Structure formats: structure tokens, C-alpha cells
Amino acid sequence: MPRKKTEEQAQAPPSGSSGNASWTSDDQIFAYARSGKSGICITSFEETRVEAEIIGVVDRLNSVKKPGQKDWNLHIWSVTQGIDGIPETEDPLAMLAAFQEKCPERSIMLARDFHAFLAGDPNPMLVRKLKEILMDGKTKNKVFIVCGAELKLPIELQKEMAVIEFKLPDRAQLNFVLEKFAESAGVYLDGNREPILDSASGLTTSEAEDAFAMSVVKCGDIKPEIIAAEKAQTIKKNGILELFETTARAEDIGGLENLKGWLAKRRAAFTREAKDYGLPTPKGILVTGIPGVGKSLTAKAAASILNVPLLKLDVGRVFGSLVGQSEQNMRMVIETAEAIAPCLVWCDEIEKGLGGSQSSGQTDGGTTARVFGTFLQWMQDKTAPVFVFATANDISKLPPEFLRKGRFDELWFADLPDADERAQIWRLHLNKRGRKADGFDLESRATRSEGFTGAEIEAAVCEALFASFDDGKRGLNDDDLLESIRNTVPLSRTMAAQIDGLRSWAQGRARRASAVKETTSKSRKIA
Ligand code: ATP
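Residues numbered from 1 in each chain as written. Predicted model: local features only at pLDDT ≥ 70, side-chain atom pairs only at ≥ 80, totals over all residues. Heavy atoms only, no water.

**Considerations on helix H21 (residues 454–470)**
Step number 1: Over its 17 residues, H21 runs 24 Å from end to end, which matches the ideal 24 Å to within 8%, given 1.5 Å per residue.
Step number 2: For H21, the elements touching its buried residues are helix H19 (419–432), helix H22 (478–486) and helix H23 (491–494).
Step number 3: With its phi angle positive at about 80°, Gly472 sits one or two positions after the end of H21. (Helix = DSSP H or I, 4+ residues; strand = E, 2+ residues; numbered from the N terminus. Expected span 1.5 Å × (residues − 1). Contact = heavy atoms within 4.5 Å.)

Written out as C-alpha cells, the structure is:
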């Protein structure tokens, strides 16, 4: 019997409503069913939406069938309910047998919990039976669909089943959910609709509904800022991506003028006007340099310069312990970033996670190399307005293909700050801590702190403040700053060889982040 949408599924948004030229998941299922593909795997967290789309596909299939042909029909199985309408089919083998023997031609089986039986070391009987069904299905127009949040097919089934990754809902789909929700909750959607949709992008339909409901509970209305806060919590749950709140701005960075200028030129790059003008969407940049020179600070400020939300990617956490999990995590990261786009994805110390991919074949069965390959492919092909800001301290750990043209718009090298930059950094950090920088001899402090990173200058200011506080909470003076400079052993001394190595690597390969004014032994000019 053809299955109709339940009330819950009727609430699920239609697919393909974005008018996007690329194929939607239901187009793909439809095409597979018509072309005689008998096995499909769908990865998604959204069971209800998947079901609703498959019901829609069955309707579509029936609308194009030839006169005299039987209707397509849908059966749904779960481990607790068995197949609807066929008793004693809770057991997966019994379900497969029933699908083969009792379901007529032109049947689609949506097996909800079946992926759990394929994980790890699956029962050979189950795998064999499924293979028979897939073989049979080709001639009888029967399609077996497995749906789960995480799918790993046994190797012998991989060639038999097509894999569809269900995309997160697009703007039009979220709008559908929003309208339905607002109607049922009696909320009037005035000029708020666009900001609400912005803040809900990247959520599944049920997460979006939960966020709308939470907002109504909290303030009787659907407020973008509450949705954004709910989204930050939701994204945090996976521990890989984090919606990062930051107040950093370009003015908080001392020096790095070339890099700041490059970013400032792209401040409107993600706007409609830029697109209409014919500007390409920036892909992203890789910034290398020794620790503490302001790479992370610039990543945070870049989000505010580009006026987009900042997503921080913990590259190390992409790697999961289960087989196939790391690749899936990387795909999830890409999907979430694209759904939230325009946004900036900050990959801090990328070499720590993706370095070592060259040796990955021997050490982890090639997982790092595959994850890395997925990332690179995405960097190469992506059209969504996602700006990747990658930082690396140890460039030697990154494989050469990472640095090849076409991946990043630009490679930058952030060197130790020169005298002018150090003076700016002293000023920024004194002012930041409520001290009037003009009352200090900044030129001399800048000279005395040659070889310091920005982080070391900041630490020296803090150390000097501790000294003056301890000395009767008196006012901070130049001598306190001098004393803390004397007590600092800068990285440039302890890591001199590494810094020289980085500089020679950067020579001719990376653009200099600072506008060079000074050439000394500690801060040399890079071509
Ligand atoms: P790491 O590789 O260790 O993360 P990094 O190069 O990313 O180092 P940051 O983390 O950005 O350096 O620097 C740490 C802190 O030092 C910053 O939050 C900022 O307070 C200060 N700092 C570093 N460089 C600068 C700078 N150029 N201007 C102002 N402050 C700076």
C-alpha cells in the first residue's frame, strides 16, 4: 500500500526549493530508482526529513510511470516495529526475507536501524542475504535504502550501494520550517525573517525547530540572537567545530600591515555587490610564523573585517577512533561550514592535525591522507563563501600539495615584529590595561625588546603590572617595563635555528605579513 506522509513528515520542508542547479538528494534517489540501482545508503541525522523526501520520491515515481504499470510503494522498517503491516519482521534477517518474498515489484524499503547491523563485523548471513536482495532488486525494481547518521558499509557491499549524503536544509527549507513553526506558535514574523534564517543556517530542521521553540519559551518571540546562541551550543556538541565569539578587530593588531591591508581590501568580498561586480569569492589564506606573532589574533580579527561568523576547527578532533569516522567528521565540518556560509573557518595549527599525511599510509591505514585529501579537494573546488584561515607554526610538517596554487589565495609569513611594530604592540597592550601609553618611552622599549614576539611584549606588560601592584599598587613606570624586558628570554633566542629555517622557507614562497622598514639580524627582509 502506498505510504502517505504522517503529520510530522508533512511538516518537513520540501527539497529542491532553493532553485539550486545542482541535484538535490531526492533527485538522486529518484534517478537511482529509475535507473535500476537497487541499494542506496543515506547519511543523515534527519530521519523524518529523509522519510518525507522518500515519500515524495515515491509520488514522483508514480507520476511518471507508464500506463498499466503497477504503483511504486514504500515500506519502512525499524528494529522495534519491524516492517509496517508485516508481522514478526523485527529481526533484520526476517525483514530481508520478507522484503524479498512478500513485497511486490516496484517496492522501496527504508531500513531505519539497519546500519547498526552493518557496522564492525557484520553477520555474514545478513551480508549475503542483502547481496541477494540487491541482485534481485535490479530486475524487479526493488530498492533497499539504509539511512543512518553514520554509515560504514562492509567492503563487499561498497560497489553495490550508492551513497547519498543528505545536505543540511537550505535557506528555503529552513524558511518553510520557520513559517510552519511561527504559524503554530502564533508568532508574527515581521522584518526579522532574514536575520532569523541567517542565525538558523547550519542547523538540521529539528534543531532549528528546537531553537525557535527555546526562543519563544525565553522571550515569547523568535529572536535571531537566541537562535544564534542555541546554534553555538548545538555546534559545540560535536567538539570539532565551535562558533567562536570574538571582539578582536584590525585595530587590535600591532603591525602586520600587508596582511591587514589584504584582508581590508576583501572586507566586502562576500556581498552581493562584490558578486555582481565579478569579484571571485576568496578561498582563504595560510599564515605561517613563529608562535606568538599574532596569527591567531589576526584570524579572529579577520572574521570581523570580513563581517562573517567565525568557526574554529579543532583539526586534531577530526580524527575519530572508529573506522571511517574521521572522513565523516571532515565531511560534516565542510557541510556545516557551507550551510552557515558566509563564514570564516579558522584552522589553528593545521600542521598538528593534517601534518604527517605523507606517512599516513604506513601509520594509520591512510586515514590522515584521505581526510587531508577531502579537505584539499574542497579547498580547490569550493564555491560557497567559506573563507579558510589556516595557521601553521611548523610548515615543514605540511605536504607540498597543501601549498600548491589554487588551494589558498595567498601564503603569508608573519615574522618577528620590527621596531615600529613593537612600539605599536607596546602601545596597544598598555592602553588595553588602562595605562596611558603616551606616558612611556615607547621608542626605547621597542629597541630594548628587539627579538620579542607580540605575545612576549604582552606578557612583559603584565609582568611589569604585577611588579608595580606588588610594590604598593603604585603607578606603572618605564623602569618596571625595562625590568620585565630584562627578565624575558624571548623565543627568538631559544628557537633561533627554527626561526632561521622558517625564514629561508618563506623566502620567495610566502608574502610578508609586515610592511618591512627595518633590516636587522633578528628581523630580516623576506623577498
Ligand atoms: P600561536 O602559534 O602560539 O597560537 P600566534 O602567532 O597565533 O601564536 P597569538 O596567539 O595571536 O599568536 O598571540 C597571542 C597574544 O599575543 C595575542 O592574543 C595578543 O594579545 C598578543 N599579540 C601577539 N601578536 C600581536 C600583535 N601583532 N599585536 C598585538 N598583540 C599581539
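**Things to note about the site of the ligand**
Step number 1: Residues in contact with the ligand amount to 17 residues; listed here are only the nearest, Gly254, Gly292, Lys295, Ser296 and Glu458.
Step number 2: Leu297 is positioned such that a nitrogen or oxygen atom in its backbone is 2.9 Å from an oxygen atom of the ligand.
Step number 3: Side-chain polar atom of Asn393 to an oxygen atom of the ligand: 3.0 Å apart, as the coordinates give it.
Step number 4: Protein chains shield 83% of the accessible area of the ligand, which is 620 Å² for the free molecule.
Step number 5: Elements represented by at least two residues in the shell around the ligand include exactly helix H14 (295–306), H19 and H21.
Step number 6: Its residues assigned to classes, the shell around the ligand comprises seven nonpolar, seven polar and three charged. (Near = heavy atom within 4 Å. Polar contact = N/O pair within 3.5 Å; in protein donor to acceptor, adjacent residues only side chain to side chain. Areas by Shrake-Rupley, 256 points an atom, 1.4 Å probe, with all protein chains shown as cover. Nonpolar A, V, L, I, M, F, W, Y, C, P; charged D, E, K, R; others polar.)

**A closer look at unusual backbone geometry**
Step number 1: For the bond from Ala341 to Pro342, the omega torsion is 5°, close enough to zero to count as cis.
Step number 2: Along the chain, Pro342 falls in the loop between helix H15 (325–340) and strand E10 (343–347).
Step number 3: We note that Leu256 has phi near 50°; this positive angle belongs to a residue other than glycine.
Step number 4: Structurally, the position occupied by Leu256 is in the loop between strand E7 (241–244) and helix H12 (257–265).
Step number 5: The phi torsion at Glu349 lies on the positive side, around 45°, for a residue other than glycine.
Step number 6: By relative accessible area, Glu349 is classed as partly exposed at 23%. (Buried < 20%, exposed > 50% of the residue type's maximum accessible area, 1.4 Å probe, protein only.)

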